[in-house]
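# Overview (structure and organization)
Each chain is listed here by its residues.
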Amino acid sequence: MDSKRIIAFLKAVAAHNNREWFAEHKAEYLYCKENFEEGVAQAITHIAAFDPHVAHLTPKDCVYRFYRDIRFSEDKSPYKRHFGAYICEKGKKSLRAGYYIHLQPGRCFVSCGAYWLPMDILTACRNEIMANIDDWRKCVENGHFVKLYGYPGEGIMSEEALSDKGFGLAHLKSCPKDFPRDYEFIQYLRMKDYAVWHRVDDDFFEGEGWLDEIAKMFKVAKPLNYFVNAVIADYD
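None of the values given here were measured: they were computed from a predicted structure.

## Focus on the packing of helix α3 (residues 26–48) against helix α9 (residues 209–232)
As a packed pair, α3 and α9 sit with axes 9 Å apart at the nearest point and diverge in direction by 50°. Regarding the angle of α3 to α9, the classification is oblique. The handedness of the crossing between α3 and α9 comes out as right-handed. Residue-level contacts link Gly-39, Gln-42, Ala-43, His-46 and Ile-47 of α3 to Trp-210, Leu-211, Asp-212, Ile-214 and Phe-218 of α9. The residue makeup of the contact of α3 with α9, split by class, is 6 nonpolar, 3 polar and 1 charged.

Put into structure tokens, the structure is as follows:
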């Protein structure tokens, strides 16, 4: 992937986020978009080697639009400042856990899991974790997982800051309603999502080596995805 050129374009977009500038540089956008999609196609192939559920996907199924929906946002910038792709068996709009790639100057990362789950599914996930806590802990407390993604609540992801790794984008301050407050592994019930991330350098995606690296990182999180998707599948 020509990530240097993509990152350079994204830096320029951040500095000139308006329609006039974008129209003048439309050709560069189209080049970066096509190059990113080629990288996503390669990523799908590498991920499918250990997770065949995504083998049927195309970049169109995974890559998010670059144009922002500004109807309900105070920020009226028409374009995003990143390229993102969500590689998930049911497509980028699915609630199912999947694999995410994010290119943004100074904020590149890879991510796995599920986020923004409706309350009924989140509650079902919490119940499933309690019912199968030993299996869940094998997914998220082994050495490889902790090294890459950490423990619940360790990291932070916000507009202002992005930690090197993280497990859970949001957490309740106390126990969720109708769950035991004295539960030994309450940290997993307090989570409002089951997403993990690992930050990478801006040049991480340059060349071809990144494909093997993300495959290693995503493979570590595959058991988490499968655990959560077994619950979500009942709500599809």
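## Some details on the packing of helix α5 (residues 119–131) against α9
Between α5 and α9, the shortest axis-to-axis distance is 9 Å and the interhelical angle comes to 125°. The angle between α5 and α9 places the two elements in the oblique class. In this structure, α5 meets α9 at a crossing whose hand is right-handed. Taking contact as the criterion, the partners of Ile-121, Ala-124, Cys-125, Glu-128 and Ile-129 in α5 are, on α9, Phe-227, Val-228, Val-231 and Ile-232. The residue inventory of the contact of α5 with α9, partitioned by class, reads 8 nonpolar, no polar and 1 charged.

## A look at the packing of aromatic side chains
All chains considered together, the criterion is met by 28 aromatic pairs. With a centroid separation of 6.5 Å and 20° between ring planes, the pair formed by Tyr-29 and Phe-83 is classed as stacked. Of this pair, Tyr-29 sits in helix α3 while Phe-83 sits in strand β1 (residues 83–87), placing them 54 residues apart in sequence. Residue classification places Tyr-29 among the buried positions, given a relative accessible area of 4%. Linked through ring pairs, Phe-9, Trp-21, Phe-22, Tyr-29, Phe-36, Phe-66, Tyr-67, Tyr-79 and Phe-83 together constitute an aromatic cluster. The lysine or arginine in question, Arg-5, covers the ring of Tyr-31, its NZ or CZ lying 3.7 Å from the ring centre.

## Side note on the layout of surface pockets
In this model, the largest pocket occupies a volume close to 1300 Å³. In terms of lining residues, the largest pocket is bounded by 31 residues, among which His-82, Tyr-100, His-102, Tyr-115 and Trp-116 are the most central. Of all the secondary structure elements, the ones that give two or more residues to the lining of the largest pocket are β2 (98–103), β3 (109–114) and β5 (194–199). Counting residues per element, the lining of the largest pocket draws most heavily on β3, which supplies 4 residues. Residue classes in the lining of the largest pocket are distributed as 14 nonpolar, 7 polar and 10 charged.

## A look at the pattern of salt bridges
Oppositely charged side chains can form a pair if their charged atoms are brought close together. Following the criterion strictly, the structure yields 8 salt bridges and no others. A salt bridge links Glu-37 to Lys-33; the nearest nitrogen and oxygen atoms lie 2.8 Å apart. Placement of both Glu-37 and Lys-33 in helix α3 is noted, with a separation of 4 residues, approximately one turn of the helix. By relative accessible area, Glu-37 is classed as partly exposed at 22%. Residue Lys-33 is classed as partly exposed on the basis of its relative accessible area of 30%. Across the pair Arg-71 and Asp-69 runs a salt bridge whose closest N-O atoms are separated by 2.7 Å.

## Brief notes about the nonpolar core
In terms of nonpolar packing, the biggest core is built from 74 residues, with Phe-9, Phe-36, Ile-87, Ile-101, Trp-136, Tyr-194 and Phe-205 touching the most fellow members. Filtering out sequence-adjacent residues up to four positions away, Ile-101 remains in contact with Phe-36, Ala-43, Phe-83, Gly-84, Ala-85, Ile-87, Phe-109, Phe-205, Trp-210, Ile-214 and Phe-218. With 6 residues, the next largest nonpolar core counts Cys-88, Tyr-100, Leu-162 and Trp-197 among its residues.

## Quick notes on the sheet that holds β3
Strand order in the open sheet formed by 5 strands is β1-β2-β3-β5-β4, and the pairing between neighbours is antiparallel. The sheet terminates laterally at β1 and β4 (165–167), the two strands that pair on one side only. Averaged over all adjacent pairs, the angle separating strand axes in this sheet is 15°, with direction ignored. Relative to β5, β4 runs antiparallel, the two being bridged by 3 bridges. If you follow Phe-167 over to β5, its bridge partner there is Val-196.

Calculation rules
- Residues numbered from 1 in each chain as written.
- Predicted model: local features only at pLDDT ≥ 70, side-chain atom pairs only at ≥ 80, totals over all residues.
- Heavy atoms only, no water.
- Axes fitted to C-alpha atoms, helices over the stretch in contact; angles between N-to-C directions.
- Helix = DSSP H or I, 4+ residues; strand = E, 2+ residues; numbered from the N terminus.
- Parallel < 35°, antiparallel > 145°, perpendicular 65-115°, else oblique.
- Left-handed = near helix turned anticlockwise from the far one by under 90°.
- Contact = heavy atoms within 4.5 Å.
- Nonpolar A, V, L, I, M, F, W, Y, C, P; charged D, E, K, R; others polar.
- Phe/Tyr/Trp six-rings, centres within 6.5 Å; stacked < 30°, edge-to-face > 60°.
- Buried < 20%, exposed > 50% of the residue type's maximum accessible area, 1.4 Å probe, protein only.
- Lys NZ or Arg CZ within 6 Å of the ring centre and 35° of its normal.
- 1 Å grid on protein atoms, 1.4 Å probe; cavity = no way out; pocket = protein on both sides within 12 Å on 5 of 7 lines; lining within 4 Å.
- Points joined across faces, edges and corners; volume = space filled by probe spheres on them.
- Salt bridge = Lys/Arg side-chain N within 4 Å of Asp/Glu carboxyl O.
- Core = buried A, V, L, I, M, F, W, Y, C linked by side-chain atoms within 4.5 Å.
- Pairing = 2+ DSSP bridges.

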